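# Structural description and commentary
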Number of protein chains: 2
Amino acid sequence: MSQPVAANSLLVPAEALITWASACLCAVQMPDDDARELATALVQTNLWGIDSHGIARLTHYLERMRRGSILARPVMEEQRTGPCTALLHGGQGQGHVVAFRANRLAMAMARESGIGAVGVTDSSHCGAIGLYTREAARAGLVGIAFTHADSVAVPHGGLRPFFGTNPIAIAFPRQGAEPVCLDMATTSIPMNRVMNAKREGHPLPPDVAVDAQGQATTDAQAAVAVTPLGGAQYGHKGYALALMVDLLCGPLMGNAYGRQLSSMYGDLDAPRRLGAFFIVIDPARFGGPLLPAIVAQMAADLVAEPGSPRMPGDPERDHETERRASGIPVEPELLAEMRRWSAQLGVAAPA
Amino acid sequence: MSQPVAANSLLVPAEALITWASACLCAVQMPDDDARELATALVQTNLWGIDSHGIARLTHYLERMRRGSILARPVMEEQRTGPCTALLHGGQGQGHVVAFRANRLAMAMARESGIGAVGVTDSSHCGAIGLYTREAARAGLVGIAFTHADSVAVPHGGLRPFFGTNPIAIAFPRQGAEPVCLDMATTSIPMNRVMNAKREGHPLPPDVAVDAQGQATTDAQAAVAVTPLGGAQYGHKGYALALMVDLLCGPLMGNAYGRQLSSMYGDLDAPRRLGAFFIVIDPARFGGPLLPAIVAQMAADLVAEPGSPRMPGDPERDHETERRASGIPVEPELLAEMRRWSAQLGVAAPA
């Protein structure tokens, strides 16, 4: 998940970024608690090394809140449909805010009844979905999350983008350590890696992107879309996963699918109306209370193997240790953008 | 999913194989209904073109039933733990028989309460898990299934097998057609493709298998294990999926994990004690009754794209059309084995 960092980045302490982001969000009328939670989630994502879904996205959310396509104070509606199922209508809210609420509802139902499954409608970009599954796992539960996104991935056998990078996250509690957490796009690489390569003049790895004719290319300037996990030979698997994630978050929840989804950076005045799906499971209803200890034992078994394979989520944990000490790298262009927004909103710049 | 077929195979009608397999299973004391259901499931899997999980596995199940490591008449125990959760203790039963029961319990809970999540313990090899998700989808529900298997896959970053090919299946109902169904191993290729290449003297594709030192090889004779979906560059994703499937079917259900799992073809006297996990969702509790029509529309949208990408499960449907007409190919070695078992059990050979 770790992403390249520009050499001329400024290192900013996490807490300074949280303070700054919270102040900006309050300035566009987000309630204090939501502002602090969103700011903390974005910076947490940077701490994990996932800069594509971190503080760099804040100005986009601010812009959409200013235009009204994301509402800073949404009226959300919880629709309980059974002992373990619900829909959360997001009221055009900011994606993280809606997702935290949906995931916590799923957690509450799981604690009460063994499993909770909460679908989301009328939401927006909710960032790195490992945020939600880890929250469930830190509470001793198993978290599963899906969300869909605008179309940047070419179907296996197709030539034009149709599905998004449609991620899957699953997290398990681990005794004495942070949760084990898978959080992966169903494409080989995220679209932002193509954007970075364009900007920096680097070639792309083979078998991960296509040009406007749908042909494989390593030329970042020519690349317009990414391809499913598995590449040319086994991409039917990544494609099928992306399609199922879209069905789970889109049509299953009464939401749109595929190219019907509005673009994140297209019309900034149009609400996104995105879906998501959170499933939380209480291990107490299945194999029981030993689970976190067994997960820790599995991690120990793996690290003792030749080659020392790691658990999903451990690279992010190591990033966090490093970045809590060193600060979070902020590229010059982003820093300039942050200062412009600070001036506009009357908020002290973070650096 | 389609697998190569030896040119000197005999084509046998599906119904003849079902009749033969049912008779063999009854001869080892399986109840009639279970025998017919298992026989039908195996032949259905061949009809889909997935010969690795079809009728070729029957003699293995018969051998284990004769030895008592699979019980033809298991005493299963349903342990309801909430309105939407249960464990099914498989009583050392045959994997398909246990899985059908667990999946149907999940379907019943989904119809009654919106979602059903059923974990399985003390079971054995349950074949192609798309069998179960398709059954849910044909009933208008969304089916999700996982199972784990003995270790043949090298973790990303590791050198020795640890996890199985640990498959994931998800199926959705589709109006006017068979369900859309993803049913995929979390490795690039199944281990049986390595075995076939060994036997036939073919090389393997690059980046899918390793030798005894854990190094990538295309030499089928040297290959001892397979690698996660995503290969050398992106295999951390397939690896993490396999690990999560093992956690969901193993430790979450109180079952073993990784190399603790007994080998399918190792000690035939030792019970497998495998786990599985079935989640079934009723769309009526979420976006509602339009789902099958929207899935059909998505399929139509995709086929109208340049390149005409297909829905997961459509290649299997096409295989079925062809093989219902032509018969199912049975290789000479398998046919000889089937005739030996027929003679031993006093059952008429299928061909």
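Residues numbered from 1 in each chain as written. Chains lettered and ligands numbered in written order. Predicted model: local features only at pLDDT ≥ 70, side-chain atom pairs only at ≥ 80, totals over all residues. Heavy atoms only, no water.

Residue and element names in this part refer to chain B. Strand order in this open sheet of seven strands is 2-3-4-10-5-6-7, and the pairing throughout is mixed. Strands at the two margins of the open sheet, each flanked by one partner only, are strand 2 (77-80) and strand 7 (180-184). Pairwise comparison of adjacent strand axes, ignoring direction, gives a mean angle of 10° for this sheet. Examined bridge by bridge, strand 4 (residues 115-123) and strand 10 (residues 274-281) share seven bridges and lie antiparallel to one another. Note on strand 10: the bridge partner recorded for glycine 119 is phenylalanine 277. Its contacts with the sheet place helix 4 (residues 95-113) against strand 2, strand 3 (85-89), strand 4 and strand 10, and it is angled at close to 160° to strand 4. Lying over the sheet, helix 5 (residues 130-138) contacts strand 5 (142-147), strand 6 (168-172), strand 7 and strand 10, oriented at roughly 20° with respect to strand 6. (Pairing = 2+ DSSP bridges. Helix = DSSP H or I, 4+ residues; strand = E, 2+ residues; numbered from the N terminus. Axes fitted to C-alpha atoms, helices over the stretch in contact; angles between N-to-C directions. Contact = heavy atoms within 4.5 Å.)

The next point concerns the pairing of strand 3 (residues 85-89) of chain A. Along any regular strand the residues' side chains alternate between the sheet's two faces. All names here are of chain A. Across the five residues of strand 3, four count as buried, placing the element largely inside the fold. Direction of pairing for strand 2 (residues 77-80) relative to strand 3: antiparallel, over a ladder of four bridges. What sits directly across from glutamate 77, in strand 3, is histidine 89. Where strand 2 folds back on strand 3, the antiparallel hairpin that results is connected by four residues. Bridging between strand 3 and strand 4 (residues 115-123) involves five bridges; their strand directions are parallel. In the strand pairing of strand 4, leucine 88 is matched with valine 120. Crossover strand 3 to strand 4 through helix 4 (residues 95-113) is right-handed. (Buried < 20%, exposed > 50% of the residue type's maximum accessible area, 1.4 Å probe, protein only. Right-handed = clockwise from strand over helix to strand, strands pointing away.)

This brings us to helix 7 (residues 231-249) of chain A. Taken as a whole, helix 7 of chain A carries its principal kink of about 30° at A:Lys237. Most of helix 7 of chain A sits inside the fold, with 16 of its 19 residues counted as buried. (Bend = angle between axes of the 7 residues up to and from the residue.)

Turning our eyes to something else, we now look at the relation of the copies chain B and chain A. For the pair chain B and chain A, the relating rotation is 180°, the translation along its axis is 0.0 Å, and the fit reaches an RMSD of 0.0 Å. Look at the turn and shift together and you get a two-fold axis relating the two. Minimal C-alpha distance to the rotation axis in chain B is attained by B:Gly230, lying at 2.5 Å. When the interface residues of chain B are mapped onto chain A, 100% of them again fall at the interface, so both copies present the same face. (Least-squares fit on C-alpha atoms with pLDDT ≥ 70 in both.)

Another aspect to go through is the sheet that holds strand 10 (residues 274-281) of chain A. All names here are of chain A. Spatial ordering of the open sheet is given by 2-3-4-10-5-6-7, a layout of seven strands whose pairing is mixed. Of all strands in the sheet, those with a lone pairing partner are strand 2 and strand 7 (180-184), marking the two edges. The average angle at which neighbouring strand axes cross in this sheet is 10°, direction not considered.

The subject of this paragraph is the interface of chain B and chain A. Opposite the 73 residues of chain B that make contact, chain A presents 73 residues. Roughly 6100 Å² of surface becomes buried between chain B and chain A when both sides are summed, with 77% attributable to carbon and sulfur atoms. Taken together, chain B and chain A are joined by four salt bridges. B:Arg259 is paired through a salt bridge with A:Glu305; the nearest N and O atoms lie 2.3 Å apart. When contributions to the side of chain B that touches chain A are tallied by element, the ones reaching two or more residues are strand 3, strand 4, strand 6, strand 7, helix 7 (231-249), strand 10 and helix 8 (291-303) of chain B. The dominant element in the side of chain B that touches chain A, judged by the number of residues it contributes, is helix 7 of chain B, at 10 residues. Classifying every residue of the side of chain B that touches chain A gives 47 nonpolar, 18 polar and eight charged. (Buried area = accessible area lost by both parts, 1.4 Å probe. Salt bridge = Lys/Arg side-chain N within 4 Å of Asp/Glu carboxyl O. Nonpolar A, V, L, I, M, F, W, Y, C, P; charged D, E, K, R; others polar.)

Per-residue confidence for chain A gives a mean pLDDT of 96; residues scoring 70 or more make up 99%. Interface confidence for the predicted complex, given as ipTM, is 0.98, next to a pTM of 0.98. (pLDDT = per-residue confidence, 0-100.)

Let us look at the pattern of salt bridges. Residue and element names in this part refer to chain A. Applying the stated criterion across every chain yields a total of 40 salt bridges over all chains. A salt bridge links arginine 272 to aspartate 150, with the shortest nitrogen-to-oxygen separation between them at 3.1 Å. One end of the pair, arginine 272, is in the loop between helix 7 and strand 10; the other, aspartate 150, is in the loop between strand 5 (142-147) and strand 6 (168-172), and 122 residues separate them in sequence. Accessibility expressed as a relative area gives 5% for arginine 272, which makes it buried. Among the ionic pairs, aspartate 318 bridges to arginine 310, the shortest N-O distance being 2.5 Å. Given the relative accessible area of 37%, arginine 310 is considered partly exposed. Bridged by salt links that share partners, the residues Arg174, Arg310, Asp314, Arg317 and Asp318 form one connected network.

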